[in-house]
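So the chains spell out like this:
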Amino acid sequence: MSENFIRFQKVTKDYGTVRVVEDLDLDIARGEFVSLLGPSGSGKTTLLMMLAGFETVSAGAIVLDGQKINDLPTYKRDMGVVFQNYALFPHMSIAKNVAFPLDMRGTARAETAERVQKALDMVQLGHLADRLPGQLSGGQQQRVALARALVFEPRVVLMDEPLGALDKQLREQMQLDIRDLHHRLGLTIIFVTHDQDEALTMSDRIAVFNHGQIQQCASPREVYDHPANRFVAEFIGETNLLEGTVSAISGETLTLTLPGGASFQSHGLPGFSTGDKGLLSLRPERIDIYPQGEAPAGVNTLAGEVTDTVYQGDHLRVVIETAAGRIIARINRKVSEWENGAKVSLGFRAQDGWVIAP
Amino acid sequence: MQKTHKISAFGPRLARAMAVGAALTLAGTAASARDLTIVSFGGNFQDAQRELFFKPFAELTGKPVLDEAWEGGYGVLQAKVKAGTPNWDVVQVEAEELALGCADGIYEKLDWEKLGGKDSYIDGGATDCGAGHIVWSVAIAYDGNKLTDAQPQGWEDFWNVEKFPGKRGLRKSAKYALEAALMADGVSGAEVYDVLATPEGVDRAFAKLDELRPNLVWWEAGAQPLSMLQTGDVVMSSVYNGRITGLNRTEGTNLKLVWNQSIYAVDSWVILAGAENKDAGQDFIAFSNAPENLSKLPEHIAYGLPVKAAAEMVPAEFAVDLPTYADNLAVSVNLDVDYWVDNSEELTERFNAWVAQ
Amino acid sequence: MKGSPRLRALILIAPLLFFLGLFFVWPLITVITQSVSDPAVSRVLPRTADLIGDWDGEGAPSAEIQAAFRADIVGATDDQAVGDVTRRLNSSKSGFRSLMGKTVTAVRENPDVDLAEVDKRWADPAFWKAIQDNASPYTDSFLLAAVDMERDSAGSVVAMKEGTSANFTILMRTLWTSALVMLCCLVIGLPYAMIAASVTGWKRAVLLGAVLLPLWTSLLVRTAAWMIILQDNGIINQVLTGLGITSGPLALIYNRFGVVLAMTHVLLPFMVLPIYSVLITVPGNLMSAAASLGAHPIRAFLRVLLPLSLRGVISGALLVFMTSIGYYITPALLGGAGDQMISSVIAEYATRSANWSMAAAIGLILLVLTLALYAVYNRLSRDPIQAR
């Protein structure tokens with residue numbers, strides 16, 4: 001088993017004068033679930049299309065299982081693709097749709113029937129085998145598409161925003177289903193999405209795209225807690241950004257001094273030197289709020305006044321005006337509730353912050 | 001008077017629109033009367049008729065004249081009359097249509113006292129329903145500049161592909177084709193219809209046509225054989241005689257007619273039964289066939305005149321080109337209208353079947 | 001006021017019903033009745049029609065029948081009605097024209113005249129047979145004749161003597177030519193529609209415009225343009241001989257080639273548009289999906305795109321075929337004598353020989369053919385996505 005099952009090596013894609021993907025490197029291991037996450041136009045779908053063979057590669061190489069596949073036609077790549085709009089064949093029954101890839105491979109009729117039934121049972125649609133796609137709901141259709149993409153045991157499964165057309169509840173159900181399949185079957189899945197929650201929920205690794213380049217490729221926890229740069233910090237989840245200067249470095253703890261004179265201890269990216277500009281990313285849920293002056297010792301504190309509170313069901317969103325600017329905190333309602341105008345102290349530990357380059 | 005003429009010159013549509021407008025203004029006090037409508041066979045011939053007869057008649061009477069063109073076809077006339085009030089008044093018809101329609105009663109009977117009596121016409125030119133207007137021939141024509149060594153003298157030469165190699169144009173109709181075939185087979189002009197009256201004679205004509213089939217090109221519109229002769233697509237063709245003379249005069253071609261064994265017939269004016277302007281139509285026929293008017297026609301187009309007095313007034317330079325010129329008439333065959341009235345349907349069907357093979 | 005909404009609805013659609021009735025149902029009924037009936041003889045010669053059925057067809061009919069015939073002639077005062085009878089009888093037996101003219105004049109002068117003395121043809125049973133055959137106001141002879149069949153003296157249906165009528169040949173030729181045109185349109189139109197549906201923006205606009213443009217020009221103009229292009233000294237032949245590819249002009253016009261070519265050009269939009277309209281509703285990535293599932297492009301086309309465009313193909317093919325069947329001007333101008341289609345025969349009967357019944361009979365056969373094709377189309381084009 002090769003560690004780097006799929007390799008993108010300096011892959012570039014140009015549409016005329018527009019460079020959509022630039023010098024991109026990415027290695028994916030067998031059995032891995034990798035999400036390609038990014039805003040629209042960031043190149044994530046194009047990369048998937050190149051991998052599937054729907055788009056040509058302008059420069060660089062795509063290697064699958066040790067074989068360069070740049071010029072391999074799609075139908076020989078042996079990859080299951082699931083599309084956002086399902087792309088089921090409307091004139092074929094569900095069973096025929098799922099049998100299609102097996103027919104193309106000349107699988108014996110009896111075996112085909114058996115595998116189709118198994119694939120449909122896997123997505124709990126065995127009873128609808130004789131229906132036409134148009135007679136199924138969106139969620140059912142996408143499950144058929146999934147069964148069709150998996151039934152021939154492809155080397156890789158590519159999913160292009162497969163849940164984008166489904167409503168929220170169905171989407172969440174499908175997320176769990178797909179994750180479950182991934183675990184059960186040990187599939188290698190490359191999953192394109194612009195929905196960060198989806199990516200965080202399902203992936204082994206997330207590749208965050210912007211301007212045709214991967215900004216960061218790491219586990220969901222890493223990407224969320226330790227973003228590589230400002231784009232990643234802002235694109236994934238909500239964050240407060242405080243700009244300052246690195247005034248001291250001790251192990252993995254940096255001291256960041258803000259222009260107003262306040263200074264904070266925080267973890268951060270390696271490679272900072274004293275005197276470098278730094279950007280402190282502070283996730284709202286990592287901030288605690290205390291009545292002014294009551295913050296415990298040993299944490300970074302910042303004084304301020306509550307200017308707005310937003311009730312959001314399971315938590316409270318609190319907007320605090322401070323000397324360092326406006327800070328947004330998210331508070332568990334079991335802990336405390338705050339009213340507008342309250343004078344408060346904000347507190348966070350060094351491991352709750354993350355300093356990145358501005 | 002000048003004014004009415006201008007209206008008709010603007011075209012029938014405008015005239016009709018104005019008539020409708022006038023009727024509306026009068027708020028239906030009187031139904032709008034349709035202008036005298038005269039229908040002929042179009043082309044140069046009708047242009048000449050318009051100048052010589054239609055316009056002067058409109059000026060004379062002070063009433064506009066509409067003229068339309070048709071391509072023949074008895075069914076058309078019958079349908080118009082059967083529909084009730086026909087929208088045509090005076091129509092120029094071929095001899096066969098004249099005979100059929102007169103028997104069927106779809107034409108008005110003419111008042112021959114107004115037309116100067118039947119005796120003033122040549123034989124076959126004056127009938128109860130029709131007043132002969134022109135005499136025209138179907139004859140062989142060839143390009144005098146191309147056939148310089150030998151020239152065809154009749155239908156036997158027309159069939160002689162060894163002496164005159166090349167394609168031949170023939171009108172796509174049983175009429176004329178069967179007569180030509182029999183004459184090519186040695187039947188004299190005077191006996192053609194006697195032979196054709198027997199089933200054997202018809203078979204003989206078709207058999208003779210079979211011989212020439214590979215070399216035949218069929219034409220339907222009168223202008224087609226002229227262009228085929230000019231381009232050399234055919235070495236000779238049957239033609240309407242008037243067209244040849246006209247072309248030679250206007251374009252300086254040297255197309256020659258073979259009067260020998262040509263087949264002539266009379267075209268007549270008729271008035272459709274129940275026509276709104278039948279009295280005006282009668283007046284028009286008298287006007288156009290008046291010798292002093294009719295005699296001007298051959299100058300424009302080489303058709304003969306069935307009105308004896310008019311024929312005598314034609315200048316000699318034009319008269320020699322007419323089917324009615326004594327030397328030409330002497331070698332021509334008169335189309336037997338009665339024969340075709342009886343047999344047209346059956347022979348046309350058979351002819352079409354033969355052509356379609 | 002129960003039922004008043006229904007009444008109001010009825011009043012609302014009354015103009016539509018009136019329009020349908022006047023311009024669709026009524027002409028149809030007229031055509032059908034025309035094709036199976038010709039009451040001229042039974043109406044104008046009622047006494048003869050009553051009696052002549054008993055005549056055995058041997059020798060001249062009895063004095064009683066001949067007297068009835070003379071009485072009918074005397075009683076018939078409407079010349080146009082007599083004309084109808086004459087035309088009808090002359091269609092069955094050539095010679096009736098002159099015979100009737102002569103006879104009517106003679107009988108009106110002397111109602112007791114001996115017919116055989118008026119004209120010896122009255123001694124020929126064939127002429128009386130014609131009257132007997134046409135005595136019934138209803139007949140299938142027109143419909144039979146429309147396909148070159150007739151009833152023999154025993155009353156059974158037989159083919160007409162060879163060489164007497166070419167209706168059936170021409171009908172077959174019409175179908176064959178139409179099929180050829182349909183096939184040509186399909187071969188050109190299917191890829192064309194697929195390309196048009198797969199490109200976007202100005203390219204699509206140009207492709208669709210090119211196919212729609214001819215629809216904005218009159219049929220006659222387009223046909224005339226083909227005459228100019230195809231004739232012996234036309235553009236194509238000039239280029240071919242000019243380049244030395246051919247020594248003389250190719251025969252491109254006045255044959256089947258010219259007819260099929262021009263008709264294909266004229267009818268191409270009717271093939272392209274239905275296919276195109278079906279194809280643009282097909283999601284663009286179905287072909288991608290098929291490829292990802294292991295289908296070679298040709299198999300993907302055969303298994304996915306072709307079946308999906310089939311509905312358009314069938315509509316297009318039928319539209320082209322049914323329109324072709326009625327073509328008249330193009331074959332007349334671009335075809336030779338052996339390329340004329342059935343419409344020209346109908347026109348010949350209607351405008352030339354004034355045989356409206358024959359025209360109606362052939363028209364009815366065309367109509368039945370078209371309806372049959374339409375039924376086939378209906379079965380084939382049932383939406384597979386809705387079919388249960």
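Residues numbered from 1 in each chain as written. Chains lettered and ligands numbered in written order. Predicted model: local features only at pLDDT ≥ 70, side-chain atom pairs only at ≥ 80, totals over all residues.

Trainee: Account for the overall build of chain A, with residues named and values stated.
Mentor: Counting its secondary structure elements, chain A contains eight helices and 20 strands. The dimensions of chain A, computed from C-alpha atoms along their principal axes, are 75 × 45 × 40 Å. For chain A, the residues scored as buried account for 42% of the 358 residues in total. When contacts within chain A are restricted to residue pairs at least 6 apart in sequence, long-range pairs at least 24 apart make up 66% of them. (Helix = DSSP H or I, 4+ residues; strand = E, 2+ residues; numbered from the N terminus. Buried ≥ 20, exposed ≤ 12 C-beta atoms within 10 Å, placed from the backbone. Contact = placed C-beta atoms within 7 Å.)

Trainee: Provide a residue-level description of the overall build of chain C, including the pertinent values.
Mentor: When helices and strands are counted, chain C shows 19 helices and two strands. Taking 388 residues into account, the globule formula puts the C-alpha radius of gyration at 21 Å, and chain C, at 29 Å, lies well above it. Restricting the contact set of chain C to residue pairs at least 6 apart, pairs at least 24 apart contribute 68%. (Rg over C-alpha atoms; globule rule 2.2 N^0.38 Å.)

Trainee: With reference to specific residues and values, describe the nonpolar core.
Mentor: Core analysis: the biggest nonpolar cluster contains 163 residues, and B:Ala141 and B:Leu272 have the highest contact counts within it. In terms of residue count, helix 14 (residues 256-279) of chain C provides more of this core than any other element does, 15 residues in total. Dropping the residues within four chain positions of it, B:Ala141 is found in contact with B:Leu229, B:Met236, B:Ser237, B:Val239, B:Ile244, B:Leu255, B:Lys256 and B:Leu257. Listed in part, the 107 residues of the second largest apolar core include A:Met50, A:Ala87, A:Ile236 and A:Leu280. (Core = buried A, V, L, I, M, F, W, Y, C linked by C-beta atoms within 7 Å.)

Trainee: Could you give an account of the sheet that holds strand 13 (residues 263-268) of chain A, with specific residues and numbers?
Mentor: Residues and elements named next belong to chain A. The strand order around the closed barrel formed by five strands is 11-12-13-20-14, and the pairing between neighbours is mixed. With strand direction ignored, the average angle separating the axes of adjacent strands in the sheet is 55°. Taken together, the four bridges between strand 14 (residues 277-282) and strand 20 (residues 353-356) define a ladder with antiparallel strand orientation. Among the inter-strand pairings, Leu279 is bridged to a residue of strand 20, identified as Ile356. (Pairing = 2+ DSSP bridges. Axes fitted to C-alpha atoms, helices over the stretch in contact; angles between N-to-C directions.)

Trainee: Break down the confidence of the model for chain C for me, with residues and values.
Mentor: Scored by pLDDT, chain C has a mean of 87; 97% of the residues are at 70 or more. As scored by the predictor, the complex reaches a pTM of 0.76 and an ipTM of 0.82. (pLDDT = per-residue confidence, 0-100.)

Trainee: Explain the domain arrangement of chain C to me, using residue names and the numbers behind them.
Mentor: The assigned domain composition of chain C is domain 1 (1-37), domain 2 (41-137) and domain 3 (167-380). Here the C-alpha centre of domain 3 of chain C lies 50 Å away from the C-alpha centre of domain 2 of chain C. (Domains from an automatic or database assignment.)

Trainee: Quick one: what's the story with the domain arrangement of chain A, residue by residue and with numbers?
Mentor: A common measure of how large an interface is: the accessible area buried when the components associate. Residue and element names in this part refer to chain A. Examined at the domain level, chain A breaks down into domain 1 (6-233) and domain 2 (239-356). In this complex, domain 1 contributes six residues to the contact, which on the side of domain 2 involves five residues. When its residues are assigned to classes, the side of domain 1 that touches domain 2 shows two nonpolar, two polar and two charged. (Nonpolar A, V, L, I, M, F, W, Y, C, P; charged D, E, K, R; others polar.)

Trainee: Which residues make up the interface of chain C and chain A, and what are the values?
Mentor: Chain C puts 17 residues into the contact, and the matching count from chain A is 21 residues. For the side of chain C that touches chain A, the secondary-structure elements that each account for two or more residues are helix 15 (286-292) and helix 16 (297-325) of chain C. Looking at the side of chain C that touches chain A element by element, the count peaks at five residues for helix 15 of chain C. When its residues are assigned to classes, the side of chain C that touches chain A shows 11 nonpolar, five polar and one charged.

Trainee: So what's going on with the arrangement of the chains? Which residues, and what values?
Mentor: Most contacts, when the two pairs of chains in contact are compared, are made between chains B and C. Structurally, chain A and chain B remain out of contact, their C-alpha atoms never closer than 47 Å.

Trainee: I'd like to hear about the pairing of strand 7 (residues 236-240) of chain B, residue by residue, with values.
Mentor: Residues and elements named next belong to chain B. Most of strand 7 is tucked away, with five of its five residues classed as buried. Neither face of strand 7 is open: one carries Met236, Ser238 and Tyr240, the other Ser237 and Val239, and all of them are buried. Inspection of the sheet shows strand 4 (residues 131-143) paired to strand 7 by five bridges, in the antiparallel sense. Of the residues in strand 7, the one forming a bridge with Val138 is Tyr240. Taken together, the two bridges between strand 5 (residues 168-171) and strand 7 define a ladder with parallel strand orientation. When the sheet's bridge partners are listed, Gly169 is paired in strand 7 with Ser237.

Trainee: Explain the sheet that holds strand 7 (residues 156-160) of chain A to me, using residue names and the numbers behind them.
Mentor: Residue and element names in this part refer to chain A. Taken in spatial order, the six strands line up as 6-7-8-3-9-10 in an open sheet, and their pairing is mixed. Whereas interior strands pair on both sides, the edge strands pair on one side only; in this sheet they are strand 6 (79-82) and strand 10 (213-218). Strand after strand, the sheet turns through a mean of 15° between neighbouring axes, direction not considered. Two strands pair when backbone bridges link them, and strand 6 and strand 7 are joined in this way by four bridges, in the parallel orientation. Within the sheet, the bridge partner assigned to Gly80 lies in strand 7 and is Val157. In the packing of helix 4 (residues 138-150) onto the sheet, the strands contacted are strand 6 and strand 7, and the crossing angle to strand 6 comes to about 170°.

Trainee: Kindly report on the interface of chain C and chain B, identifying the contributing residues and their values.
Mentor: Tallying the contact residues gives 26 residues for chain C and 27 residues for chain B. Going through the elements one at a time, helix 5 (79-92), helix 6 (96-109), helix 10 (167-198) and helix 18 (342-352) of chain C are the ones with two or more residues in the side of chain C that touches chain B. It is helix 5 of chain C that provides the largest number of residues to the side of chain C that touches chain B, a total of six residues. In terms of residue class, the side of chain C that touches chain B is built from five nonpolar, 17 polar and four charged.

Trainee: Please provide a residue-by-residue account of helix 3 (residues 109-122) of chain A, values included.
Mentor: Residue and element names in this part refer to chain A. Here helix 3 contains 14 residues, and its C-alpha end-to-end distance of 20 Å stays within 8% of the 20 Å for a straight helix at 1.5 Å per residue. Of all the positions in helix 3, only Thr112, Arg115, Val116, Ala119 and Leu120 are classed as buried. In an axial view of helix 3, the angular spread of the buried residues amounts to 135°, which keeps them on one side of the axis. Facing away from the buried side of helix 3, by more than 90 degrees, are the exposed residues Ala110, Glu111 and Glu114. Here the buried face of helix 3 lies against helix 2 (94-104) and helix 4. Following helix 3 by one or two positions, Gln124 adopts a phi angle in the positive range, close to 60°. (Expected span 1.5 Å × (residues − 1). Arc of directions from axis to C-beta.)

Trainee: Describe in detail the packing of helix 7 (residues 174-184) of chain B against helix 9 (residues 199-212) of chain B, supporting the description with residues and values.
Mentor: Residues and elements named next belong to chain B. Where helix 7 meets helix 9, the closest approach of the two axes is 8 Å, and the angle between their N-to-C directions is 85°. As far as their axial angle goes, helix 9 and helix 7 are roughly perpendicular. Packed against helix 7, whose contacting residues are Ala177, Leu178, Ala181, Leu182 and Ala184, the element helix 9 presents Gly201, Arg204, Ala205, Lys208 and Leu209 at the interface. In terms of residue class, the contact of helix 7 with helix 9 is built from seven nonpolar, one polar and two charged. (Parallel < 35°, antiparallel > 145°, perpendicular 65-115°, else oblique.)

Trainee: How would you sum up the pairing of strand 10 of chain A? Please name residues and give values.
Mentor: Where strand 9 (residues 205-210) of chain A and strand 10 of chain A come together, five bridges link them in antiparallel fashion. Note that in strand 10 of chain A the partner of A:Phe209 across the bridge is A:Ile214.

Trainee: If you had to explain helix 18 (residues 337-356) of chain B to someone new, which residues and values would you point to?
Mentor: When the local axis directions of helix 18 of chain B are compared, the greatest deviation, roughly 65°, occurs at B:Asn343. The buried count for helix 18 of chain B comes to 16 of 20 residues, which makes it a mostly enclosed element. (Bend = angle between axes of the 7 residues up to and from the residue.)

Trainee: Got a sec to walk through unusual backbone geometry? Specific residues and values, please.
Mentor: Residues and elements named next belong to chain A. One non-glycine residue, Ala87, lies in the positive phi region at around 55°. Take Ala87: it is sitting in the loop between strand 6 and helix 2. At Gln124, a residue that is not glycine, the phi angle is positive and equals roughly 60°. Checked against the element boundaries, Gln124 lands in the loop between helix 3 and helix 4.

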